[in-house]
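# Notes for the structure review
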Amino acid sequence: MTSIYILLAAILVLIFVLIKYIRIIPQSVQYVIERLGSYHATWGVGIHIMVPFIDRISNKVSLKELVINFAPQPVITKDNITMSIDTVLFYQITDAFAYTYGVHNPLVAIENLTTTTLRNIIGDLELDETLTSRDLINSKMRANLDEATNTWGIKVLRVEVKNIVPPKDIQDTMEKQMRAERERREAILKAEGEKKSAILVAEGQKQAKILEAEALKQSQILAAQAEKEATILKAEAAKEAAVRTAEGEAQAILEVQTATAKGLELINKAMPSDAALTLKALEAFAAMADGQATKIIIPSDIQGLAGLTTSITEIIQQKQVKLAKD
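In this report, we go over the structure that sits alongside the text.

### Concerning the pattern of salt bridges
- Within this structure, the stated rule accounts for 7 salt bridges.
- For R35, the salt bridge goes to D55, with nearest N and O atoms at 2.5 Å. You can see R35 sitting in strand β2 (residues 29-35) and its partner D55 sitting in strand β5 (residues 55-62), a full 20 residues away along the chain.
- Residue classification places R35 among the partly exposed residues on the basis of a relative accessible area of 30%.
- Judged by its relative accessible area of 4%, D55 is buried.
- Close ionic contact of E181 with R185 constitutes a salt bridge, the shortest N to O distance being 3.2 Å. Taken together, the residues span about one helical turn, with E181 and R185 both in helix α6 (residues 168-270) at a distance of 4 residues.
- For E181, a relative accessible area of 28% corresponds to the partly exposed category.

Written as structure tokens, this is what we have:
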């Protein structure tokens, strides 16, 4: 019975030992193994079995990106202004062996190295440059720290200046400067606004005067054109009236001549007697004597038909010439 208990105890101890010395390593983690006090191996992802009582885990190293937030550090600028700056460091372990055996307490070493590097960089800058050159400070610190920590198996990825706190009196001075600057900008903006407003008003008045002058000019042009057109229309009307008058006079003369010719034609067709011709001749002489004729030709033989016809023809021609002159 006792032997059974001993056997069970031995089995339990063996199981405990196996459980203790069998390691399953997860992703992004490495184990540094020592055997009999010296470095033996670096184990990665997977199942690993340690030799009981001989092997031991010296260090468990995470390969993920890590972050350290350092406390504010007092630094002095080139113009002897003391300020407080706190930084944030992003790093990654790339070599578990170098990280384990390269330096004692790597985080403390990185913090001290960050402090000294920051003081060296700020010491070359004045206050205004420090406040406006965060990117420069970050890049210089990252380069210096990465070079120094490379032998420790550490890769510095980024360094960020989290906060820069100048002394209280400097803060008050800066606030006054900022207030004065804001007031100056406000005054400049106000003056520029008034200037633009005055310019716009002047341009508006100028444009109004130009439009008024153009309107007056256009009105004068339209009035001149209207007067010109009226003059042309009056001249054309007078011309048309003169043409119509001349045409009427010509038509009247033509009708008189036509009537006279028809009268002569009718007289010739009627073949009047000598007594009738003599009577008509006397009537014609009487009418001409009462008219405006200044010259009357009386043939010597008034009873002769040929002489009477000649006299009538001369009188008719003189009448036609008179009408043409009038």
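What follows continues from the structure just given.
### A short note on the environment of Y101
- Take Y101: it is sitting in helix α2 (residues 96-101).
- For Y101, a relative accessible area of 35% puts it in the partly exposed group.
- For the pair Y101 and N59, spaced 42 residues apart in sequence, the C-alpha to C-alpha distance is 9.8 Å.
- When neighbours within four sequence positions are excluded, Y101 is seen to be in contact with V32, E34, Y39 and S58.
- Side-chain polar atoms of Y101 contact the side chain of E34, separated by 2.8 Å.

### What about the nonpolar core?
- Core analysis: the largest hydrophobic core is formed by 31 residues, its most contacted members being I85, L89, L118 and I137.
- Of all the secondary-structure elements, those providing two or more residues to this core are β8 (82-93), α2, α3 (106-122), α5 (134-149) and β9 (154-165).
- Residues within four places of L89 in sequence aside, it is in contact with L66, V67, I68, F70, I110, T114, L145, V156, R158 and V159.
- Within the second largest apolar cluster, 9 residues are counted, among which are V17, I33, W43 and M50.

### Here's the deal with the sheet that holds β2
- Sheet architecture is open: 3 strands sit in the order β3-β2-β5, paired in antiparallel fashion. Two strands lie at the open edges of the sheet, namely β3 (38-43) and β5, each paired on one side alone. Taking the axes of each pair of neighbouring strands and ignoring which way they run, one obtains an average angle of 25° across the sheet.
- Looking at chain direction, β2 and β5 are connected through 7 bridges and run antiparallel. Paired with Y31 across the two strands is K60, which belongs to β5.

Parameters and conventions
- Residues numbered from 1 in each chain as written.
- Predicted model: local features only at pLDDT ≥ 70, side-chain atom pairs only at ≥ 80, totals over all residues.
- Heavy atoms only, no water.
- Salt bridge = Lys/Arg side-chain N within 4 Å of Asp/Glu carboxyl O.
- Helix = DSSP H or I, 4+ residues; strand = E, 2+ residues; numbered from the N terminus.
- Buried < 20%, exposed > 50% of the residue type's maximum accessible area, 1.4 Å probe, protein only.
- Contact = heavy atoms within 4.5 Å.
- Polar contact = N/O pair within 3.5 Å; in protein donor to acceptor, adjacent residues only side chain to side chain.
- Core = buried A, V, L, I, M, F, W, Y, C linked by side-chain atoms within 4.5 Å.
- Pairing = 2+ DSSP bridges.
- Axes fitted to C-alpha atoms, helices over the stretch in contact; angles between N-to-C directions.

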